[in-house]
Amino acid sequence: HSVYTYGWVDNVLVYYSPSSFSSIKKTVRTFDTESIPDSAQITSGELFIKADNTQISHPNSPDNFIALVSLTLENPPIINYNDYDQFSPTELANRYIDYSDTTVNFQLNDIGLAHINKNGWTTLGLRSGYDMSSNPPNNGQTTSLLVNFYSGNNFARPILTVNYMNIPFPPPETCPAD
């Protein structure tokens with residue numbers, strides 16, 4: 001069982017307007033998971049994040065969710081401009097849809113567990129359902145979704161918990177001498 005903390009103030013934002021500018025903001029969380037043994041079998045994982053200051057214009061929209069997705073950074077843990085298009089549509093956990101709950105708990109699915117990097121940095125992306133959809137939000141109506149994820153102090157830092165079983169490598173086979 002290992003716990004990893006890392007993060008900063010950031011948000012996921014979608015602002016769509018048919019008559020003016022539109023904006024999409026995604027966010028990244030990186031965790032140094034190199035301490036997990038190579039032979040470990042990861043059995044479960046959870047990402048806990050605190051949310052604050054949520055603003056929603058269309059609460060009943062089916063695209064009104066935040067998804068935890070995979071991505072590959074060019075130079076982890078550093079994030080640069082080229083990483084923006086590396087956010088996958090592959091969801092790694094349950095969706096965040098209950099905005100009244102400010103403690104977000106993403107339970108990693110099998111794809112999410114396989115995404116944990118035992119040899120370095122695990123990078124997790126957060127994107128909105130509007131960002132993942134190829135259609136204009138809410139039939140082209142002006143739409144906004146803003147969720148702030150923060151780590152202003154120790155109690156609010158994002159936490160990735162990884163549970164695993166350490167399975168030792170089998171000893172090498174030896175051949176009997178002639």
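Residues numbered from 1 in each chain as written. Predicted model: local features only at pLDDT ≥ 70, side-chain atom pairs only at ≥ 80, totals over all residues. Heavy atoms only, no water.

1. Let's talk about the overall build of the protein chain
Right, on to step 1. The number of helices and strands found in the protein chain is two helices and 11 strands.
Right, on to step 2. Taken from the N to the C terminus, the helices and strands of the protein chain come in the order β-β-β-β-β-β-β-β-α-β-α-β-β.
Right, on to step 3. Expressed as a percentage of the 178 residues in the protein chain, the buried residues total 42%.
Right, on to step 4. Long-range contacts, defined here as pairs at least 24 residues apart, represent 79% of the contacts in the protein chain between residues at least 6 apart. (Helix = DSSP H or I, 4+ residues; strand = E, 2+ residues; numbered from the N terminus. Buried < 20%, exposed > 50% of the residue type's maximum accessible area, 1.4 Å probe, protein only. Contact = heavy atoms within 4.5 Å.)

2. Side note on unusual backbone geometry
Right, on to step 1. One non-glycine residue, Asn 138, lies in the positive phi region at around 50 degrees.
Right, on to step 2. Here Asn 138 is to be found in the loop between helix H2 (129-132) and strand E10 (143-150).
Right, on to step 3. Unusually for a residue other than glycine, Asn 139 sits at a positive phi of about 55 degrees.
Right, on to step 4. Tracing the sequence through the fold places Asn 139 in the loop between H2 and E10.
Right, on to step 5. Residue classification places Asn 139 among the exposed positions, given a relative accessible area of 78%.

3. Points about the side chain of Asp 131
Right, on to step 1. Along the chain, Asp 131 turns up in helix H2.
Right, on to step 2. Classification of Asp 131 by relative accessible area gives buried; the value is 12%.
Right, on to step 3. Within the structure, the side chain of Asp 131 is placed 2.8 Å from the side chain of Arg 127, a separation counted as a polar contact. (Polar contact = N/O pair within 3.5 Å; in protein donor to acceptor, adjacent residues only side chain to side chain.)

4. Structural notes on the packing of aromatic side chains
Right, on to step 1. Per the counting criterion, the structure on display carries one aromatic pair.
Right, on to step 2. Between the aromatic rings of Tyr 96 and Tyr 99, the centroid separation amounts to 5.0 Å while the plane-to-plane angle is 75 degrees, which identifies the pairing as edge-to-face. The same class applies to Tyr 96 and to Tyr 99, which are both buried.
Right, on to step 3. Sitting above the plane of the Phe 65 ring, Arg 95 keeps its charged end 3.7 Å from the centroid. (Phe/Tyr/Trp six-rings, centres within 6.5 Å; stacked < 30°, edge-to-face > 60°. Lys NZ or Arg CZ within 6 Å of the ring centre and 35° of its normal.)

5. Notes on the sheet that holds strand E7 (residues 87-91)
Right, on to step 1. Spatially, four strands are ordered E4-E9-E6-E7 in an open sheet, and the strand pairing comes out antiparallel. The open sheet has two edge strands with one neighbour each: strand E4 (27-32) and E7. Across the sheet, the mean angle separating the axes of adjacent strands is 40 degrees when strand polarity is ignored.
Right, on to step 2. Pairing between strand E6 (residues 66-71) and E7: two bridges, direction antiparallel. (Pairing = 2+ DSSP bridges. Axes fitted to C-alpha atoms, helices over the stretch in contact; angles between N-to-C directions.)

6. Brief notes about the pattern of salt bridges
Right, on to step 1. Going through the model one piece at a time under the given rule, you end up with three salt bridges.
Right, on to step 2. The closest approach of N and O atoms between Arg 95 and Glu 91, which form a salt bridge, is 2.8 Å.
Right, on to step 3. Put simply, Arg 127 and Asp 131 hold a salt bridge, and the shortest N to O gap is 2.8 Å.
Right, on to step 4. The class for Arg 127 is buried, based on a relative accessible area of 7%.
Right, on to step 5. Each of the salt bridges in this network shares a partner with another, and the network as a whole consists of Lys 26, Arg 127 and Asp 131. (Salt bridge = Lys/Arg side-chain N within 4 Å of Asp/Glu carboxyl O.)

7. Some remarks on the confidence of the model for the protein chain
Right, on to step 1. Chain-level statistics for the protein chain give a pLDDT mean of 82 and a share of 83% at 70 or above.
Right, on to step 2. Across the protein chain, helix H1 (residues 110-115) holds the top mean pLDDT of 97, while strand E1 (residues 2-5) sits lowest at 56. (pLDDT = per-residue confidence, 0-100.)

8. What to know about the nonpolar core
Right, on to step 1. Membership of the largest hydrophobic core comes to 26 residues, with the highest contact counts inside it found for Ile 66, Leu 68, Tyr 96, Phe 106 and Phe 149.
Right, on to step 2. If you list the elements that add at least two residues to this core, you get strand E5 (40-56), E6, strand E8 (103-107), strand E9 (121-128), E10 and strand E11 (159-166).
Right, on to step 3. For this core, the leading source of residues is E5, giving five residues.
Right, on to step 4. With seven residues, the next largest nonpolar core counts Val 28, Val 69, Leu 73 and Phe 87 among its residues. (Core = buried A, V, L, I, M, F, W, Y, C linked by side-chain atoms within 4.5 Å.)

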